[in-house]
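Topology and contacts: notes
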Amino acid sequence: MKIATYNINGINGRLPVLLRWLAEAEPDVVCLQELKAESARFPEHALLKAGYQAIWKGEKSWNGVAILSKDAIRELRDDLPGEDESFTHSRYIEGFTFGMVIACLYLPNGNPYPGPKFAYKLRWFSRLTAHANTLMNTGLPVMLVGDYNVMPTELDTYKPEKYVNNALFRKEIRAAYADLVSQGWTDAIRKLYPDERIYTFWDYFRNAYGRDAGLRLDHFLLNPLLGGRLSSGGVDKHVRGWEKSSDHAPVWIELADADQAQ
DNA sequence: ATGACCAAAGCATTTGGA
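None of these values were measured; they are calculated from a predicted model.

What follows is about the protein's contact with DNA strand B. If you check the shell around DNA strand B, you find 26 residues, and the closest are R14, E34, N109, F205 and R206. Atoms of DNA strand B within 4 Å of the protein belong to the sugar or the phosphate in 50% of instances, the rest to bases. Residue E34 places a side-chain N or O atom 2.8 Å away from a phosphate oxygen belonging to DNA strand B. At a separation of 3.2 Å, a phosphate oxygen of DNA strand B approaches a polar side-chain atom of K244.

Right, here's the structure in full:
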């Protein structure tokens, strides 16, 4: 089965692009970020017509996450656990579908560094890591999918030196990512392509896509039950070149059936 | 160092994005 993640950057403005890509790529499950729409404005009907059931959590103007599935999907939670008065953004939704727990997340950008937004990003990350530890120990197949707003290593940006003091690449945030992964998660795309420069985002500015000045920000973290089923994956880079495209491209992986995995 | 391009909100221009 095929699972994808796509920071759509406005689900209503880019609905034609999303539907075109869904018809072409035929993923079974899709995690979406940056809906930029209130929950009531989620295009549920158009997606049902395209064959997808959905769970979502929007908010006015910004953020917003959703999970689409060709099979029934049950919502498990619509935020990370814990208390934080600044935790009002719609950045996390977790569902159960195809026998797996799928967490769809949109980590804060965190710029400018240093500052309160970067501190918020670190706080958000530490709560994700705490909850990830809980999920890791459930005994269920789990994946943490979405826009992490983190380039994990120097291989994940076209120009590492330019990003040393950027919130997407600061050493604290790379350390937080490495700390999360060390719980036993597999970074699926990096596992499949250990040495390649693979990007999932190209800025609208400065012809970044044309110059391939990209960043790898969208990740699949698989727990060991799913890591053994990973069979392929990639970035639908051409979609970034479409008219009215998001600044991110869809990323996808394929898993072998549970009974075929070893 | 700056600005370049987008969407949303709301109807001009600001804000956030990464």
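Looking now at the side chain of T200. Positionally, T200 belongs in the loop between α5 (188-192) and β10 (201-202). With a relative accessible area of 1%, T200 lands in the buried category. Here D218 takes part through its side chain, which lies 2.6 Å from a polar atom of the side chain of T200. When sequence neighbours within four positions are dropped, the list of residues in contact with T200 reads L215, R216, L217, D218, V235, D247, H248, A249 and V251.

We now examine helix α3 (residues 116-136). For α3, which comprises 21 residues, the first-to-last C-alpha distance of 30 Å matches the rise-based estimate of 30 Å (1.5 Å per residue) to within 8%. Residues of α3 that are buried in the fold lie against β5 (74-77), β6 (92-97), β7 (100-106), β8 (142-147), α4 (171-181) and α7 (224-227).

Among the residues making up helix α1 (residues 15-25), those that are buried are L15, V17, L18, W21, L22 and A25. With its buried residues spanning 160 degrees around the axis, α1 presents them on a single face. Along α1, the residues that are exposed and aim more than 90 degrees away from the buried face are P16 and A23. Where α1 is buried, its residues meet β1 (2-7), β2 (29-33), α2 (44-49) and β4 (65-69). Trailing α1 by a residue or two, E26 shows a phi angle of about 50 degrees, which is positive.

A word on the sheet that holds β8. The strands making up a sheet associate through backbone hydrogen bonding, with each pair oriented either parallel or antiparallel. If you trace the six strands from one edge of the open sheet to the other, you get β5-β6-β7-β8-β12-β9, paired in mixed fashion. The open sheet has two edge strands, β5 and β9 (186-187), and neither has a second partner. Taken together, the six bridges between β6 and β7 define a ladder with antiparallel strand orientation. Paired with G95 across the strands is I102, a residue of β7. The strands touched by α3 within the sheet are β5, β6, β7 and β8, with β6 carrying the most contacts at an inclination of about 20 degrees. Relative to the sheet, α4 contacts β8, β9 and β12 (218-222), its axis offset from that of β12 by approximately 25 degrees.

How each quantity is defined
In this convention, every chain numbers its residues from 1, walking through the sequence in written order. Labels follow written order: the first chain is A, the first ligand is 1, and so on. The predicted nature of this model means local features are confined to residues of pLDDT at least 70 and side-chain atom pairs, given and counted, to a pLDDT of 80 or more, with totals for whole chains, interfaces and linings taken over all residues. Side-chain calculation: all heavy atoms of the structure are included, whereas hydrogens and water are not. Summary of the distance rule: residues count as near a molecule or strand when at least one heavy atom falls within 4 Å of that molecule or strand. The definition of a polar contact used here is a pair of N or O atoms within 3.5 Å, where within protein one atom must be able to donate a hydrogen and the other to accept one, and adjacent residues in sequence count solely through side-chain atom pairs. Under the scheme used here, helices are H or I runs from DSSP no shorter than 4 residues and strands are E runs no shorter than 2 residues, and both carry numbers assigned from the N terminus. For each residue, the accessible area found with a 1.4 Å probe, counting protein chains only, is set against the maximum for its type, and the residue is called buried under 20%, exposed over 50%, and partly exposed in between. Contact between two residues is taken to exist if any of their heavy atoms lie within 4.5 Å; hydrogens are not considered. Multiplying one less than the number of residues by 1.5 Å gives the expected span of a helix. Arc definition: it is the arc formed by the directions from the helix axis to the C-beta atoms. One bridge is not enough; two strands pair if DSSP finds at least two bridges between them. Where helices are involved, their axes are fitted lines through C-alpha atoms of the stretch in contact, as for all axes, and angles between N-to-C directions lie from 0 to 180°.

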